[in-house]
Amino acid sequence: MTCPSCGSTVPDSARFCESCGAQLGQPAVVPAAAGAPPPADHPLGDAPISAPTRKPVGFLADPPKAAGRRPCGECGGEVGPDLYCLACGTKAPSERDHFEEQPASWVAGVCDKAIGKSRNEDAMALLAGEAPGSRAVLVVLDGVSNSVDSDVASLAGARAAREVLRVPLPAGMGTPESRDAAVRKVFANAVAAANTAIVAVTDPDSPNPASATFSAAVLEGRRISWANIGDSRSYWIPDSGQPLQLSVDDSVAQEQIESGVAREVAETGPQAHAITKWLGRDAEDIVPSVGSREVEASGWLLTCSDGLWNYISAPEAMAAQVRATGTTTPLDLAQALVAFANASGGHDNITAALARVDVSDLGQNDRTPTPGGVPSDG
Amino acid sequence: MAEFSASVYQNEFLPDGGTDVNAIVTITCQGAGTAGQSGSGGAGEIIIVDTSGSMGPATMAAAKDAAQAALAEIVDGTWFAVIAGADRAMLAYPQVSSGPGMTKMDAQARQDASAAIGRFVGSGGTAISTWLDLAGQLFSSVTEITQRHVLLLTDGENRERPGRLDEAINRATGYYQADCRGAGTDWQVAEIRRIAQALLGTVDIIPSPAEMRAQFQDIMRKAMARGVADASLRVWTPQGAQVLFVRQVSPTVEDLSSRRTPVNPLTGDYPTGAWADESRDYHVAIRVPAKAIGQEQLAARVQLALGADVVTQGLVKATWSNNSELTTRIDQQVAHYTGQAELADAIQEGLAAKAAGDEATATTKLGRAVQLAAETGNDEATSKLRKVVDVDNEKEGTVRLKRTIEKADEMALDTASTKTTRIRKEPS
């Protein structure tokens, strides 16, 4: 096969182009059983409602691919064909080790190997409508490092989930309860799609099958909806006022916190990073915890992996770090947060995905539509 | 078409704060072809025979025979000339007074040149600078020659005002290559080595006239096998880095550090001369600013360049690690050649001390040389050292200077001091 980025010939099995470092191929496509009845374990197997039908108007396109090779991250110099900077010699990270996405001016993310790691098992997949505040999808998966090929699996999973979240969340049948149930269903589908993709790229004989966390947040107008499995997180960080950790970890530390142990103690204990739920072939429970809320002020929706929050776990600490950068450009902020985590040790892969919410962009009509699709006030 | 390849042997892992990166880069050439036949220009050969009065009848007869045998090895179509060297240089063949001072080899030219060599008579002194300068003039009289090689034979010490020879060496440096041989024991190894090193050639002693013919044939065969006219070792280092040294370490030790020609602020070329089908090892040492644990960076791109074309490249890397198992490992190749370079220095310094009458230093240095030769498996150095010193303990390097030494043995040790051995390579 040939590299779509530079045209070099590469082996069919290659994951990255040897000559330019571009990532090759799409993550394994999850085979759809066309025409066949859904299998018993299919997420829609015997659902009480049909899969939501969606108008194509809300369909969000993938973020544009970065053109050519990025300049050296260290000195800004040109990167040579051997993937080292021609000026300072710094090794250019492969597309898997460090990538950035900016689907719209107000949404961006950085996924980075971190200086203390040899492989980037974090993955990220973003979507956004062009108009600020219209619609954004942030998906972050953190591959578990003691499993085989979890870098491949996490990226396949993130992109599979993104497919499910490409169209607007459903509004349900007219009541908040039905909307919540429909949203819950969509997130369950997204998680199931991610899980299927992860399992599909896992060697069936692997004694350490790939596994990953899952954290997704969807912003639609003023409404944030999120879903979580494991210990990647979503935060709401208003420009002023009380920041919030939206998602709840599935971890031993979280269980300890709930039983009264102080956060600092629980999150630094021996079990701090033990997760109680995950995706993968050996996953037992892949139903995500889901939540949603309306935001009233300008601020940031952040979805991140523990490579970032390890150093600033409490919402106040995270908010202080975000506010200290003083930027309203999401890519700048994502880069700054990744740089901060690397400067703090970079002990784990780092992902920071951000959507900027500016209330001045949001009219009254952007208040969450009443179930049924008819605006209640406006 | 010649094909080049490069492999790098190093321990890329540096401890926290580490700055110095050492690597052995092996460059191999295959399919070099024959000198002057690769289409990149003609090859030129000049044979210089010392015809000073010091050449005894036996040596002169052997030198004539050897020079004639060398003619036989020059491939037809190669430009050549023969110089008779004494207190001035004389163009012995072709016998022209104007126009190109070289002619193309064919059967007739070989016969005529042989006859001219047969008429050599020893007389006069030794002014090697004039020989080198005439060779340069002859090469420059034929513009199509791009690959220039000289075979120089002398038997005596240069008798010129100090500095003249060095000036002539400077004029020839980078223009032609020269393999130099000394007949008997009345010549100065250091003096002739200076010529050979600057002109990217070899130096050796021919202790007895009987060995001359075979040596000349061998030199000329090797010269004719160099189908790649001229190549440079090109070394790129990152901004802020410092090249500590660039040394050829095999087949002989030659420090190239001072011979850098800048290509751009980060890149320099070091001359390597012509290439046959062969493999050469280079030791590069680079000092880079330390980076954080976990960072990886390139410390050097070591390339072989033919003119502007880079034909192969080896990457020398640095990765900072806090794993002492990784960072304390010393690459076998680097260790071996570090020992070989020290061996060359120990022999040369030991012999110089001995010549200056400083027996204590000579004993220490030659003892260290015996130790290093044994450690690095350099059997040639070991056997030559044993003709100069009595070894009490090879491992400890304790030796005694022999009371009576053949001058030729001492000179043979000196000329062989830069020859290195290789060890089996396992890619790192």
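Preceding this paragraph is the structure being described.
Everything in this summary refers to the structure shown in the same document.

How each quantity is defined
- Residue indices begin from 1 for each chain and proceed along its sequence in written order.
- The order in which chains are written sets their letters, starting at A; the order in which ligands are written sets their numbers, starting at 1.
- Given that the model is predicted, a residue must reach a pLDDT of at least 70 before its local features are reported, and side-chain atom pairs must reach 80 or more before they are shown or counted; all residues, however, enter totals for whole chains, interfaces and linings.
- Note: side-chain values were computed over all heavy atoms of the structure, leaving out hydrogens and water.
- Any two residues having at least one pair of non-hydrogen atoms within 4.5 Å are treated as being in contact.
- The buried area of a pairing is the accessible area, by a 1.4 Å probe, that goes missing from both parts when the two are put together, added over both.
- Salt-bridge detection follows one rule: a side-chain nitrogen of Lys or Arg within 4 Å of a carboxyl oxygen of Asp or Glu.
- Nitrogen and oxygen atoms within 3.5 Å of one another constitute a polar contact, given that in protein one can donate a hydrogen and the other can accept it, and given that sequence-neighbouring residues count only through two side-chain atoms.
- Every helix listed is a DSSP run of H or I at least four residues long, and every strand listed is a run of E at least two residues long, numbered separately from the N terminus.
- Strands pair, by our definition, only if DSSP identifies at least two bridges between them.
- For Phe, Tyr and Trp, where Trp contributes only its six-membered ring, two rings pair if their centres lie within 6.5 Å, and the inter-plane angle classes them as stacked under 30 degrees, edge-to-face over 60, or tilted in between.
- In this scheme, a residue with accessible area under 20% of its type's maximum is buried, one over 50% is exposed, and one in between is partly exposed, where area comes from a 1.4 Å probe on protein chains only.

### Observations concerning the interface of chain B and chain A
- Counting residues at the interface gives 15 residues for chain B and 12 residues for chain A.
- Of the roughly 1,000 Å² buried between chain B and chain A on both sides combined, carbon and sulfur atoms contribute 42%.
- In this structure, Arg301 of chain B and Asp82 of chain A form a salt bridge, with 2.5 Å as the shortest nitrogen-oxygen distance.
- The interface formed by chain B and chain A contains 10 residue pairs in polar contact (both at pLDDT 80 or more).

### Quick notes on the side chain of Asp269 of chain B
- Position of Asp269 of chain B among the secondary structure elements: in strand E15 (residues 267–275).
- Here Arg234 of chain B takes part through its side chain, which lies 2.8 Å from a polar atom of the side chain of Asp269 of chain B.

### Some details on the sheet that holds strand E14 (residues 261–264) of chain B
Residue and element names in this part refer to chain B.
- Overall, mixed pairing links the 6 strands, which are arranged E2-E18-E17-E11-E15-E14 in an open sheet. The sheet is open, and its two edges are formed by strand E2 (13–14) and E14, each paired on a single side.
- In the sheet, strand E17 (residues 296–306) pairs with strand E18 (residues 309–320) via 10 bridges, with the strands oriented antiparallel. By the bridge assignment, Val302 is partnered in E18 with Gly314.

### Description of the packing of aromatic side chains
Residues and elements named next belong to chain B.
- Scanning all chains against the criterion turns up 5 aromatic pairs over all chains.
- Here Phe80 and Tyr93 contribute two aromatic rings whose centre-to-centre distance is 5.5 Å and whose plane-to-plane angle is 25 degrees, an arrangement assigned as stacked. Of the two residues, Phe80 is situated in strand E5 (residues 79–85) and Tyr93 in strand E6 (residues 89–93); the sequence distance between them amounts to 13 residues.
- With relative accessibility at 0%, the residue Phe80 sits in the buried group.
- Tyr93 sits in the buried class, given a relative accessible area of 11%.
- Consider the rings of Phe139 and Tyr176, whose centres lie 5.4 Å apart with planes at 45 degrees: the pair is tilted.

### Considering the environment of Ser178 of chain A
- Take Ser178 of chain A: it is sitting in helix H2 (residues 176–200).
- A distance of 2.5 Å separates a polar side-chain atom of Ser178 of chain A from the backbone nitrogen of Met173 of chain A.

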